[in-house]
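# Fold and contact review
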Amino acid sequence: MVNAINDALDIKLKDDDSVIVYGEDVGVEGGVFRITEGLQKKYGADRVFDSPLAESGLVGTAVGMAAAGLRPVIEMQFSGFTYPGFNQIISHASRMRNRSRGKYPMPIVIRMPYGGGINALEHHSESTEAIYAQIPGLKVVIPSTPHDAKGLLISAIESNDTVIYMEPKRIYRAIKQEVPEEKFSIPFGKANILAKGNDVTVVAYGAMIREVQKAMVLAKEAGISVELIDLRSIYPIDRDTIAESVRKTGRIITVTESPRSFGVASEITQIVTEDAFLHLEAPPKRVTGFDTIVPLAKGEHHYMQSGEKIFYEIEKTVKY
Amino acid sequence: MFKEFDPLKKKTFRLIDNSGKVINTKWFPDLPNENIVKAYKDMLFARTADMQTVSYQRQGRIYTYPPNYGQEAIAIAAGQVMRKEDWMVPAFRELGALLAKGVSLKEVFLYFMGYEDGSIYKDAHHVLPMSVPIASQLLHGVGIGYEIKYRKKDEVVFAFVGDGGTSEGDFHEAVNFAGVWNVPVVFIVQNNQYGISTPFRMQTASDGIAIKSVAYGVRGIQVDGNDYFAMQVALSEAAKLAREGKGATLIEAVTYRKGAHTTSDDPTKYRTKEEEMEWDKTDPLIRLKKYLKSKKLFTDKEEDKLTEQYKKEVERQFIEAENYGPYPIEDVFQYHYEDMPQDMAAQKNDYERFLKWKEARK
């Protein structure tokens, strides 16, 4: 996935001189996860560079660059470091288009590694996609494979709206996949059906896809057929694909690693309640983190969703 | 100039005194008389508009409004220095500068009446909408500055903030980024002595704001913000250096907010009449008028005539804004994204169905 993201940045830097990539340590070092490695050398220090260590400064200057016609792609070192820049995101990046009645679109991409499972320090493990999805004016996408990482990032950079591009850092280097070398894009708002099935629909995204796939091995042994939907785009959300699947299976489980209440899983539950009410054979289930802070490394396994845990919930829902 | 008035020397750049007399000939600008007269007329227009808007607000014809009076010299000088291609990044108390950039008074009225359309600035070039979150706009100015430098354009950014805003982190991040990136930005701090009710001494223990530029490695200067000539020169010099690739300048314009913070606020609660009268002596209009009269360039009679004319013009634009019409449902939704998301479109349709139902019940 690291290579795929780097590749997408490389393609867009080459293709469009209004693309500017900057953030903390993204220049010479290539970012703490090496996502931007080699890009400064290739495109020069006026297009790929280190910013002072200030997240509000990062987002705020990106708003200005976008107003002046550039396409800044900025990196938040970790999603948990974004909060000092939150005011610029919620007060300006997401609002400037509406405030100026379309005069100043905000073609900004805010990349941020998110999620747990890497034994990191505090503030390095949370999943905050629901917070961003609640903000009018933003788009929020999360890839689960190298292929999608590339296609979604190219779409994000080409989008004239601000995109929160969240990277599941736990699987940065976990999946090997052939990715087309040429430029391609994946449209926002389109989920991807990864596996067809009849008994239960499971919706997930990011690093949770891999955990659901582990659960599906157990489900298969138990004779349960799972339809797996990779959401890919949190907002806008692909309600049609979800509802259509549930009209077939009658059951739905959403797996996220964010807190449960007021989250993406709750939103999906509401979508199927509205659009597939008469087809439901079991209550929609949310398999998520707790409404707690992600525990530090030694306690994190209690919080994270595993294949086994997801299978446990699948079995309960199917037997309901 | 920036050397002579280095903020560490604790000097204030001032060219005329309260009686309108030139006190510094070395830096006094060689401006055509008509420009100086125009500056006064523009200040008078801004003040007339302000006074009238406050009275409209009292009549319940417009919502909350932040008056500018007392601070006109800063905005008018900036308005004269800014070129068409230059960027203006306003806070929300720069009426004269907005008008100079081509924003119409009608648009300003629309904004404060509750129409986003008031931020379109149809005939203005390179002006960002007013920014309510304090000091956050300064970073936008720095980002624009980066684009100017990257594209090698001949443009300068004029970014405004108040004294209260200098306590915000974004002020410091903006000046710091501007220093590191060496971008063509002129920061203008309107130090009007109050952040709503909080006096300047409660904002910072430092000796003024200009001195903060030293730590960020950018030029800084403290200017008498009620002296049109001093503001004109300081802004021109800062813009000239910015155009030459010499980076940012922080201008502290010392002034006094003669009115309330906004029409929702009552200054008698937190400041004395004596203090107000002391600052009245430095009023930018009175000072410039005294200068003009001493040069026989302007008379009270002209002022009376102009004021009447301006009042009518303000009234005309206000009434146009008042008659702007209803707020279409589309306008709630259509500007958020390039393409309206499905859910948002469904919400709009639901609402329209409700309105039809409501209409049918009548």
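The preceding data block contains the structure.
Summarised in this report is the structure supplied together with it.

This part is about the overall build of chain A. Assigned secondary structure in chain A consists of 12 helices and 12 strands. For the C-alpha atoms alone, the extent of chain A along its principal axes is close to 60 × 45 × 40 Å. Relative to its 320 residues, chain A shows a buried fraction of 57%. A sequence separation of at least 24 residues applies to 80% of the contacts in chain A between residues at least 6 apart.

What follows deals with the sheet that holds strand β3 (residues 185-191) of chain B. Residues and elements named next belong to chain B. Overall, parallel pairing links the five strands, which are arranged β1-β2-β3-β7-β6 in an open sheet. With one partner strand each, in any of the chains shown, β1 (87-89) and β6 (219-224) form the two edges of the open sheet. Looking at each pair of strands side by side, their axes are set apart by 20° on average, direction ignored. As judged from the six bridges shared by β6 and strand β7 (residues 249-254), these two strands associate in the parallel manner. The residue of β7 that forms the bridge with V223 is A253. Sheet strands in contact with helix α8 (residues 228-243) are β3, β6 and β7, and its direction is about 170° off that of β7.

Residues and elements named next belong to chain B. F158, V186, F187, I188 and I251 are the most contacted members of the largest nonpolar core, which totals 193 residues. For this core, the element with the most residues is α8, which contributes 10 residues. With residues up to four places along the chain from it excluded, the contact list for F187 reads L138, A159, V161, V175, A248, L250 and I251.

Turning our eyes to something else, we now look at the packing of helix α4 (residues 105-113) of chain B against helix α11 (residues 300-322) of chain B. Residue and element names in this part refer to chain B. Taken N-terminus to C-terminus, the directions of α4 and α11 make an angle of 45°; their axes are 8 Å apart at the nearest point. Taken as axis vectors, α4 and α11 run oblique relative to one another. When you trace α4 past α11, the crossing you get is right-handed. Here L105, K106, F109, L110 and M113 of α4 come into contact with α11, specifically with V314, Q317, F318, E320 and A321.

Residue and element names in this part refer to chain B. Tracing the sequence through the fold places G20 in the segment before α1 (33-58). Of the residues examined, G20 has 17 C-beta atoms within 10 Å and is grouped as partly exposed. Considered as a pair, G20 and M344 are 324 residues apart in the sequence and their alpha carbons are 59 Å apart.

Let us now look at the interface of chain B and chain A. Taken together, the 30 residues of chain B in the interface contact 34 residues of chain A. When contributions to the side of chain B that touches chain A are tallied by element, the ones reaching two or more residues are α5 (136-150), α6 (169-181) and α13 (342-361) of chain B. Among the elements that make up the side of chain B that touches chain A, the one with the highest residue count is α5(B) (10 residues). For the side of chain B that touches chain A, the class distribution of residues is 14 nonpolar, nine polar and seven charged.

Criteria and cut-off values
Residues numbered from 1 in each chain as written. Chains lettered and ligands numbered in written order. Predicted model: local features only at pLDDT ≥ 70, side-chain atom pairs only at ≥ 80, totals over all residues. Helix = DSSP H or I, 4+ residues; strand = E, 2+ residues; numbered from the N terminus. Buried ≥ 20, exposed ≤ 12 C-beta atoms within 10 Å, placed from the backbone. Contact = placed C-beta atoms within 7 Å. Pairing = 2+ DSSP bridges. Axes fitted to C-alpha atoms, helices over the stretch in contact; angles between N-to-C directions. Core = buried A, V, L, I, M, F, W, Y, C linked by C-beta atoms within 7 Å. Parallel < 35°, antiparallel > 145°, perpendicular 65-115°, else oblique. Left-handed = near helix turned anticlockwise from the far one by under 90°. Nonpolar A, V, L, I, M, F, W, Y, C, P; charged D, E, K, R; others polar.

By themselves, these figures tell us nothing about what the structure is for.
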